[in-house]
There are 2 protein chains.
Amino acid sequence: MHPIITAFARSPDRGQGLARDMRVRWALEETEQPYDVRLVSFKEMKQPAHLALHPFGQIPTYEEGGLVLFESGAIVLHIATHHPGLLPEDRDARERAIGWLFAALNTVEPPIFELQNAVLLERDKPWSDERLPLVKDRVRDRLKQLAARLGDTEWLDGGFSAGDLMMASVLLRLRRSSILDEFANLAAYVARAEARPAYNRAFAAQYAVFKGAA
Amino acid sequence: MHPIITAFARSPDRGQGLARDMRVRWALEETEQPYDVRLVSFKEMKQPAHLALHPFGQIPTYEEGGLVLFESGAIVLHIATHHPGLLPEDRDARERAIGWLFAALNTVEPPIFELQNAVLLERDKPWSDERLPLVKDRVRDRLKQLAARLGDTEWLDGGFSAGDLMMASVLLRLRRSSILDEFANLAAYVARAEARPAYNRAFAAQYAVFKGAA
């Protein structure tokens, strides 16, 4: 029995790879774990059967034997902990990689979430044009610090890890804006991540759902 | 040698317990681990010595032997993994508790972060009065789902865990608003968390810094 993940039956981003099942698919591909996918509609996501798996009515979820997990961070950490390929052997390096996973989700993503809300939910509001630059600057503040730490290294701390997988996934949400291109080393970092064979296999699998539904 | 954490030399919230070293102090108190504190000024936080520990120039950091961690989520997970008291014995229950830790940081906190930005950074903007209700509704959407899952249970999944510690810490950021009081079971949940002896020891330790600096 393979683990089962849930994903959107219809892509909200027209197959751009931003839905969060990508993070989980990518981790499964990096660790060479086969998996099955159950597609859920936007309506099904808010119904009791799915809410029992995911209290916030979102995707992805992860079912493996009796274990049910939600939150892409928790699922990626689960996969990285139980299979080689996404965490270093050394104990301290392992904890630092997990630290970067949290940094991606709780330090870098929140201002990007705010920017996405400004663009998707408040674009028609009278304050949109004046406010957007403020929100973008809050994203830039974080990226400046991240770019300074990354410098000219390939990944955030030694070899590619679950921390890089999550950081690149979060930065990819900036694809629609040009902010990422202001930081050449971060743009190159994301490009390196996107060039990984495991990323491409994950992307293709998610894209196939979009094409199938279209 | 005890682990060393960093905290603000001057409280930005006048000792209300919201600075993120509270999350780490609380975890250390729950697991009965002694620790030392190094206070840093807002100026020191942005200088190379501190940036070497925390690339985003914030607190808390955690130093233990050769290990340096940043991100309160990563530090709390480290403490919970290495000392009994914050994670269940059962393997699946343990992973679910870690799932709640991620849910606190990446699903519940981002809209609260957005609300805090609206209040602290945009209060004097012309759009503030009209926009604030929208931002509050985004927080309410999450709290409704969380309240539905919590129901009338004491903690999120069995006994008190690192997931509850983080969820309560995140919800405490709503203290200045009345939103939490709209959800009686969540308000009671936070009150139960605040009543824990370990929380009170952590709060007193952080408050002593505020009083000492004042």
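Not measured: the values here are computed from a predicted model.

With that out of the way, let us pick up the overall build of chain A. Helix and strand counts for chain A stand at 9 helices and 4 strands. Seen in sequence order, chain A has helices and strands lined up from the N terminus as β-α-β-α-α-β-β-α-α-α-α-α-α. At 17 Å, chain A has a C-alpha radius of gyration in line with the 17 Å of a compact globule built from 214 residues. Once the C-alpha set of chain A is aligned to its principal axes, its extents read approximately 50 × 45 × 30 Å.

On to the interface of chain A and chain B. The partner chain B presents 54 residues to the 54 residues of chain A that form the contact. With its nearest N and O atoms 2.6 Å apart, the salt bridge here joins R138 of chain A to E122 of chain B. The interface formed by chain A and chain B holds 24 residue pairs in polar contact (both at pLDDT 80 or more) in total. Elements represented by at least two residues in the side of chain A that touches chain B include exactly β4 (67–70), α4 (72–82), α5 (91–120) and α6 (128–150) of chain A.

Residues and elements named next belong to chain A. For helix α9 (residues 197–213), spanning 17 residues, the distance from its first C-alpha to its last is 25 Å, which sits close to the expected 24 Å at 1.5 Å a residue. Among all positions in α9, only A198, Y199, A202, Q206, V209 and F210 are buried. Buried residues along α9 cover an arc of 115 degrees about the axis, so they all sit on one side. Exposed positions of α9 whose direction lies more than 90 degrees from the buried face are P197, K211 and G212. Along its buried surface, α9 packs onto β1 (4–8), α1 (21–30), β2 (36–40) and α8 (184–194).

Overlaying chain A with chain B gives an RMSD of 0.0 Å, the required rotation being 180 degrees about an axis along which the chain moves by 0.0 Å. What the superposition gives is, in effect, a two-fold axis relating one chain to the other. Among all residues of chain A, the one whose C-alpha sits closest to the rotation axis is P110 of chain A, at a distance of 2.6 Å. Comparing contact sets, 100% of the residues at the interface of chain A also lie at the interface in chain B, consistent with an isologous, same-surface contact.

What follows concerns the UniProt feature "domain: GST N-terminal" (unreviewed entry) in chain A. Mapped onto the present numbering, the UniProt feature "domain: GST N-terminal" (unreviewed entry) falls on residues 1–87 of chain A. The span residues 1–87 of chain A is 33% helical and 21% strand by assignment, and the distance between its end C-alpha atoms comes to 24 Å.

So, about the sheet that holds β1 of chain A. All names here are of chain A. With mixed pairing, the 4 strands of this open sheet are ordered in space as β2-β1-β3-β4. The open sheet has two edge strands, β2 and β4, and neither has a second partner. Neighbour-to-neighbour, the strand axes of the sheet open up by a mean angle of 25 degrees, direction not taken into account. Both β1 and strand β3 (residues 61–64) contribute to a ladder of 2 bridges, which runs antiparallel.

As a further point, take the pairing of β3 of chain A. Residue and element names in this part refer to chain A. Two elements, β3 and β4, share 4 bridges in a ladder whose sense is antiparallel. Opposite E63, over in β4, you have V68 as the bridge partner. Linkage of β3 to β4, two consecutive antiparallel strands, is achieved through a turn of 2 residues, within which G65 is found at a positive phi near 60 degrees.

Right, let's talk about the pattern of salt bridges for a bit. The full count for this structure, using the stated rule, is 36 salt bridges over all chains. Two residues, R175 of chain A and E194 of chain A, come together in a salt bridge whose shortest N-O distance is 2.3 Å. You can see R175 of chain A sitting in the loop between α7 (162–171) and α8 and its partner E194 of chain A sitting in helix α8, a full 19 residues away along the chain. The class of R175 of chain A is partly exposed, set by a relative accessible area of 36%. Judged by its relative accessible area of 23%, E194 of chain A falls in the partly exposed class. Here the residues in one salt-bridge network are E114, E122, R131 and R138 of chain A together with E114, E122, R131 and R138 of chain B, joined through shared partners.

Here β1 of chain A pairs with β2 of chain A via 5 bridges, running parallel. Counterpart to I4 of chain A in the pairing with β2 of chain A is D36 of chain A.

Moving on: the environment of F183 of chain B. Residue and element names in this part refer to chain B. Inspection of the secondary structure assignment puts F183 in the loop between α7 (162–171) and α8 (184–194). Given the relative accessible area of 11%, F183 is considered buried. A C-alpha to C-alpha distance of 19 Å links F183 and G163, two positions 20 residues apart in sequence. If sequence neighbours within four positions are ignored, F183 has contacts with R140, L143, K144 and A147.

This brings us to the sheet that holds strand β3 (residues 61–64) of chain B. Residues and elements named next belong to chain B. As summarised here, the arrangement of the 4 strands in space is β2-β1-β3-β4, forming an open sheet in which the pairing is mixed. Either end of the sheet is taken by a strand with one partner, and the two such strands are β2 (36–40) and β4 (67–70). Taken pair by pair, the neighbouring strands of this sheet meet at an average axis angle of 25 degrees, ignoring direction. Packing against the sheet, helix α1 (residues 21–30) makes contact with β1 (4–8), β2 and β3, and its axis sits at approximately 145 degrees to β1.

Our focus in this paragraph is the nonpolar core. Core analysis: the biggest nonpolar cluster contains 118 residues, and M167 and L171 of chain A together with M167 and L171 of chain B have the highest contact counts within it. Sequence-distant contacts of M167 of chain A, that is, excluding residues within four places in its chain, are made with W100, A103, A104, V108, L146, L156 and Y189 of chain A.

Okay, the domain arrangement of chain A next. The extent of an interface is frequently quoted as the accessible surface area lost upon association of the parts. Residue and element names in this part refer to chain A. Domains assigned within chain A are domain 1 (4–85 + 198–213) and domain 2 (91–196). Taking only C-alpha atoms into account, the centre of domain 1 sits 21 Å from that of domain 2. Taken together, the contacts link 18 residues of domain 1 with 20 residues of domain 2. Summed over both sides, the interface between domain 1 and domain 2 buries roughly 1,600 Å², with carbon and sulfur atoms accounting for 58% of that surface. Looking only at domain 1, the three residues that lose the most surface to domain 2 are L18, R23 and W26, adding up to 35% of its buried area. If you look at where domain 1 meets domain 2, you find 3 salt bridges. With a closest N to O distance of 3.1 Å, E109 and R20 form a salt bridge.

Cut-offs applied
- Residues numbered from 1 in each chain as written.
- Chains lettered and ligands numbered in written order.
- Predicted model: local features only at pLDDT ≥ 70, side-chain atom pairs only at ≥ 80, totals over all residues.
- Heavy atoms only, no water.
- Helix = DSSP H or I, 4+ residues; strand = E, 2+ residues; numbered from the N terminus.
- Rg over C-alpha atoms; globule rule 2.2 N^0.38 Å.
- Contact = heavy atoms within 4.5 Å.
- Salt bridge = Lys/Arg side-chain N within 4 Å of Asp/Glu carboxyl O.
- Polar contact = N/O pair within 3.5 Å; in protein donor to acceptor, adjacent residues only side chain to side chain.
- Expected span 1.5 Å × (residues − 1).
- Buried < 20%, exposed > 50% of the residue type's maximum accessible area, 1.4 Å probe, protein only.
- Arc of directions from axis to C-beta.
- Least-squares fit on C-alpha atoms with pLDDT ≥ 70 in both.
- UniProt positions renumbered as here; feature names shortened; annotations may be inferred.
- Pairing = 2+ DSSP bridges.
- Axes fitted to C-alpha atoms, helices over the stretch in contact; angles between N-to-C directions.
- Core = buried A, V, L, I, M, F, W, Y, C linked by side-chain atoms within 4.5 Å.
- Domains from an automatic or database assignment.
- Buried area = accessible area lost by both parts, 1.4 Å probe.

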